[in-house]
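As a plain string of letters, each chain reads:
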Amino acid sequence: MSDKYRKKIHSEEIIATFQDVLILPGFTNFAPQDVDISSNLGKYHLNLPIMSSAMDTVTEEVMAINMALHGGLGVLHRNCSYERQLEMCRIVKRARSFVIDDEHVATINPNAKVAKAKFMMENYNISGIVVVNEDKKVCGIFTKRDIPFLEQDIQNGAIKDYMTMDVISIKPGASREEARKILYESRKEKLPIIDKDGFLKGLITKKDLAPEFPFASKDEEGHLLCGLALSPRFPESSESQKLLKEIDKYVDIFFIDVADFYKKDDIIGTTKLMKLLESDFVLGNIGTYQAAEYLITKSDFVEDRFIGLKVGMGSGSICTTSIQTGVGAPTLFATAQVADAIQDYNSKLSLIADGGFIKPGDLPKAFAAGADLIMSGHFFAGTEESPGFIDTIAGRKVKVYRGMGSKEARTSGYISDRYIEGSKMLTEGVSNYVPYVGDVAGVLATLKEGLANGMIYAGARSIQDMKEVSLGIVSIVGQRETQPHDLIGKF
Ligand code: XMP
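Residues numbered from 1 in each chain as written. Predicted model: local features only at pLDDT ≥ 70, side-chain atom pairs only at ≥ 80, totals over all residues. Heavy atoms only, no water.

J.: Just checking my understanding: could you explain the sheet that holds strand E20 (residues 431-435) for this structure?
T.: If you walk across this open sheet you meet the 3 strands as E18-E19-E20, and the pairing is antiparallel. Looking along the sheet, the strands with just one partner apiece sit at the ends: strand E18 (391-393) and E20. Going across the sheet, the axis of each strand differs from the next one's by a mean of 55°, ignoring polarity. Taken together, the 5 bridges between strand E19 (residues 396-402) and E20 define a ladder with antiparallel strand orientation. The residue bridging Lys399 from the neighbouring strand is Val434, located in E20. (Pairing = 2+ DSSP bridges. Helix = DSSP H or I, 4+ residues; strand = E, 2+ residues; numbered from the N terminus. Axes fitted to C-alpha atoms, helices over the stretch in contact; angles between N-to-C directions.)

J.: I tried to follow empty space enclosed by the protein on my own but got confused; where do I start?
T.: Any space left empty among the atoms is revealed by the rolling of a water-sized probe across them. Applying the stated rule across the entire model yields 1 cavity of 30 Å³ or more. There is about 370 Å³ of room inside the largest cavity. What lines the largest cavity is a set of 33 residues, and nearest its centre among them are Gly316, Ile318, Cys319, Asp354 and Arg418. Across the lining of the largest cavity, the residue classes break down as 12 nonpolar, 16 polar and 5 charged. (1 Å grid on protein atoms, 1.4 Å probe; cavity = no way out; pocket = protein on both sides within 12 Å on 5 of 7 lines; lining within 4 Å. Points joined across faces, edges and corners; volume = space filled by probe spheres on them. Nonpolar A, V, L, I, M, F, W, Y, C, P; charged D, E, K, R; others polar.)

J.: Looking at this structure, how should I read the pairing of strand E9 (residues 138-143)?
T.: Side-chain positions along a regular strand alternate between the two faces of the sheet. Strand direction decides the pairing type here: strand E8 (residues 128-132) and E9, joined by 5 bridges, are antiparallel. Across the sheet, Ile129 pairs through a bridge with Phe142, a residue of E9. Where E8 folds back on E9, the antiparallel hairpin that results is connected by 5 residues, among which Lys136 adopts a positive phi of roughly 70°.

J.: Honestly, the site of the ligand in this entry has me stumped. Any pointers?
T.: Surveying the vicinity of the ligand reveals 24 residues, the closest of which are Cys319, Thr321, Asp354, Tyr401 and Gly405. Contacts to the ligand include Thr321, whose side-chain N or O atom sits 2.6 Å from an oxygen atom. Glu428 is positioned with one of its backbone polar atoms (N or O) 2.6 Å from a nitrogen atom of the ligand. In a pocket analysis with a 2 Å cut-off to the grid points, the ligand is assigned to the largest cavity. A per-class count over the shell around the ligand returns 7 nonpolar, 14 polar and 3 charged. (Near = heavy atom within 4 Å. Polar contact = N/O pair within 3.5 Å; in protein donor to acceptor, adjacent residues only side chain to side chain. Sits in = over half its atoms within 2 Å of the grid points.)

J.: I tried to follow the packing of aromatic side chains on my own but got confused; where do I start?
T.: Aromatic rings in a pair are described by how distant their centres are and how their planes are angled relative to each other. What the rule picks out here adds up to 7 aromatic pairs. For the ring pair Phe254 and Phe281, a centre distance of 5.4 Å and an interplane angle of 45° mean the geometry is tilted. Of this pair, Phe254 sits in strand E13 (residues 253-256) while Phe281 sits in strand E14 (residues 280-286), placing them 27 residues apart in sequence. For the residue pair Phe254 and Phe281, the accessibility class agrees, reading buried in each case. Between Phe379 and Phe380, the ring centres sit 6.5 Å apart and the planes meet at 75°, which makes this aromatic pair edge-to-face. Exposure class is identical for Phe379 and Phe380. Each is buried. Each residue in the set Phe261, Phe301 and Phe306 is aromatic and connected to the rest through ring pairs, giving one cluster. For the cation-ring pair, Lys137 lies above Phe199, with the distance from its terminal atom to the ring centre recorded as 5.5 Å. (Phe/Tyr/Trp six-rings, centres within 6.5 Å; stacked < 30°, edge-to-face > 60°. Buried < 20%, exposed > 50% of the residue type's maximum accessible area, 1.4 Å probe, protein only. Lys NZ or Arg CZ within 6 Å of the ring centre and 35° of its normal.)

J.: Where do I start with the pairing of strand E12 (residues 227-230) in this structure?
T.: Here E12 shows a buried face lined by Gly227 and Ala229 and a second buried face lined by Leu228 and Leu230. Pairing analysis gives 2 bridges linking strand E5 (residues 73-76) to E12, with the strands arranged parallel. Residue pairing for E12: Val75 is matched across the bridge by Gly227. Here E12 pairs with E13 via 4 bridges, running parallel. For Leu228, the partnering residue across the bridge sits in E13 and is Phe254. For the crossover that starts at E12, traverses helix H8 (residues 238-248) and ends in the parallel E13, the hand is right-handed. (Right-handed = clockwise from strand over helix to strand, strands pointing away.)

The structure is reproduced here in structure tokens:
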């Protein structure tokens, strides 16, 4: 007797999702302050295992900068031209670095009048200017303290007569620690970076060195990490390839961004992209053990730059893929499936559980199912830092959140290949309003606390420990009982 079709519905492989499960409490043998929620994405260590989605109503440069400053990562979306992507990546890479690039350092000629320097300082809100001669070589530094007392000297005096010629500087490539030491010992506020031939290469200021965001996600040079979504389609024009290579200089991790990556054409395109570009790659989305097994064992990706897999299909709060096509892999299910394949074939790969998170308590569940990091659009679309305006509906502040498969997003022309190419009529996402929730720092603080407290209850000190805790399916009655119930008010 065949059970082929009955087993499809009734197999041991139940497609469970966040609300179906709970983590079982575990023995806690550590203090709350010892919980470590940091995690790895390939060689990158993130102090916060949380990422914002590559969506045009979630992550542009402002969100990406803020996510990285708080220790996570915002993945810049791809619903725009390569030129705009390049601009966003540049802005992220240059933000908050402790080095101001030479083209952004205010300079003045030694023969200029003091009045000009005074005007620059007042209008640019800076306290000192590097003095460079016609050959662009550094010959002094002029600070607020060098401004003469008499008005006639300010108007007629030349910078060269008042500047400090003995410039305390640092060589290119010096570390934050070296810079801090020199600034401290010299009691200076500014440290020009000068190469061996005397040319200005940048500036370090005391203010920028102070670790205002000590947990920020940074590259080896101290710049913020930059993640960018990319189509798996290989661009044939040399112009586009040139632009992509320029983008590559600012990006640390490319995220191949399609609804379903388990497709021959996408795999071939990505293999070519990995050969063209030098940064690391996360591939996705996928939803099953078989897809992960295939990508790891039967594809020809550049091995050391294939650093992670992103999983989940049809679970997002704005997704309609499962409704429209009948196919899906809810994020918790997909995470467990792919985590097993990673364990079996390449334990170095990182796993990102993407979409479907509704409550802070869903995060610990994803880690218990084998995730290294989580990605959400839902939590961040209503923040101050997401793109778009704050609107008001019935007295409530709102922002627009749209699926990248929604009619509104797809008609822009850049993102149609995220779904089935050539399919024009079938939308796979919706667009709607979400409540405005204030700044991203506040949202992250709640998520962090939910995760850390969940780890304490589960008895897991780290994200790796979290992967060992037990999950159990909750009955329908149990699900009702674990929500607030039998109260007069509605929740
Ligand atoms: P949340 O639940 O955080 O999910 O809103 C965000 C994730 O959903 C994916 N995404 C889509 N999936 N149709 C889909 O089926 C869409 O229009 C769509 N837009 C985004 C994406 O993986 C994102 O991170």
